Amino acid sequence: MRIFLAGATGAVGQRLVPALLEDGHEVVAMTRTAAKADGLRAVGALPVVADALDREAVMGAVLGAEPEVIIHQMTALTGATDMKHFDRVFATTNRLRTEGTRHLLDAARAAGTRRLIAQSFTGWPFAREGGPVKDEKAPLDSDPPRAQRETLAAIRELEALVGDADGVEGVVLRYGGFYGPGTSLGADGEVTELVRRRRLPVVGSGDGRWSFTHIDDAAGGVLATLAPGGPTGVFAIVDDEPARTADWLPALASALGAPAPRRVPAWLGRLAAGDAAVTMMTASRGASNERARSVLGWTPRWPTWREGFREGL
Ligand SMILES: NC(=O)c1ccc[n+]([C@@H]2O[C@H](COP(=O)([O-])OP(=O)(O)OC[C@H]3O[C@@H](n4cnc5c(N)ncnc54)[C@H](OP(=O)(O)O)[C@@H]3O)[C@@H](O)[C@H]2O)c1
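To keep things clear, this report deals only with the structure shown in the data block.

Further remarks concern the nonpolar core. Ranked by size, the top nonpolar core spans 84 residues in total, and within it Phe4, Leu5, Ala29, Met30 and Leu116 carry the most contacts. The element that contributes the greatest number of residues to this core is helix α10 (residues 266–282), accounting for six residues. Among residues more than four places away in sequence, those in contact with Ala29 are Leu5, Ala8, Val17, Leu40, Ala45, Leu46 and Pro47.

Listed below in structure tokens is the structure:
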């Protein structure tokens, strides 16, 4: 198949391009910079230079490619560790999730593309009520911390745009926290570095649940949903073990050979890192991968972060 990949040079894209080529697909790989085009060409993709926020450029790129499937793996989160100003840090990502998705969907309709697969996120967006682990039908937070309102609205908008897409089969892949090579939780990632330097404490109860996704499993989720005519809708592509912050953070420190993380009270966490960070550490919910397993037959290559943190960074 001919596949149009927006975000080909990113953390997921870099794992996805070789996997798609190996499966015999033709990959038209979008990047903003001509400098990255040579690298994409060298691995066997067909680069096209366009900015996702430039509607005409996206229309031209997609119409030139006439792909059967479009994949949206664009974010702008490198260095995103300032949780106090969450929406500010996510501002460009939010535009990629709203405007960027609209441009790709319009282009898909114009080019006769059958299917569009887009990246979303799961965990803290859930309503902070009921049990610790949620499925795709569970409501999202109607009253998120102030600093996360725009980001949650952008996630909702992306999921609504793709889920209700007229004339295009829409697939939303909700990933958990990424880890593995090329991510902020890779061997030399910025979050890993904070843990090594004991700068990421467990806040308050540490009861907030996180779901994790190894970057190879993020790519695997795309491969499992690629076929036109296949299942559509929202799928949580996460591992089998949503975990309390009080459990996964010390395990990560141990896997890195770092000292155990500090513990700080919620009020101090709020002062230093803001409401959103405290909520994520104390109250966020994890996600179940049951739908992806039963409907897609997808299984994670890294079923638990326990092993992944030790061997998969
Ligand atoms: N997903 C989350 O919610 C989340 C949250 C916090 C942290 N993180 C961490 O953030 C890291 C991801 O970094 P990242 O966000 O910089 O993503 P990335 O996956 O490293 O790369 C972003 C991709 O999006 C493309 N892109 C960005 N803006 C674009 C635009 N305007 N037009 C076209 N393409 C565009 C880039 O293409 P070109 O540069 O080639 O143009 C690139 O391929 C991961 O390590 C993850 O662990 C993720």
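Having seen it, we continue.
Looking now at the site of the ligand. The ligand sits among 28 residues. The nearest are Gly10, Thr31, Arg32, Leu77 and Thr183. Those elements that provide at least two residues to the shell around the ligand are α1 (11–22) and β2 (26–31). With three residues, the top contributor of residues to the shell around the ligand is α1.

Note on placement: Leu21 falls in helix α1. By the C-beta count within 10 Å, which is 15 here, Leu21 ends up partly exposed. Considered as a pair, Leu21 and Val234 are 213 residues apart in the sequence and their alpha carbons are 25 Å apart. Not counting the four nearest positions on each side in its chain, Leu21 is found in contact with Val27 and Gly44.

A large share of β2 lies buried, amounting to five of its six residues. Sheet topology places strand β1 (residues 2–6) next to β2; five bridges connect them, and they run parallel. Bridge pairing in β2 links Leu5 to Ala29. Handedness of the crossover joining β1 and β2 through α1 is recorded here as right-handed. Where the polypeptide runs from β2 across helix α2 (residues 34–42) and back to strand β3 (residues 46–49), its parallel neighbour, the crossover connection is right-handed.

Analysis parameters
- Residues numbered from 1 in each chain as written.
- Predicted model: local features only at pLDDT ≥ 70, side-chain atom pairs only at ≥ 80, totals over all residues.
- Core = buried A, V, L, I, M, F, W, Y, C linked by C-beta atoms within 7 Å.
- Buried ≥ 20, exposed ≤ 12 C-beta atoms within 10 Å, placed from the backbone.
- Helix = DSSP H or I, 4+ residues; strand = E, 2+ residues; numbered from the N terminus.
- Contact = placed C-beta atoms within 7 Å.
- Near = placed C-beta within 6 Å.
- Pairing = 2+ DSSP bridges.
- Right-handed = clockwise from strand over helix to strand, strands pointing away.

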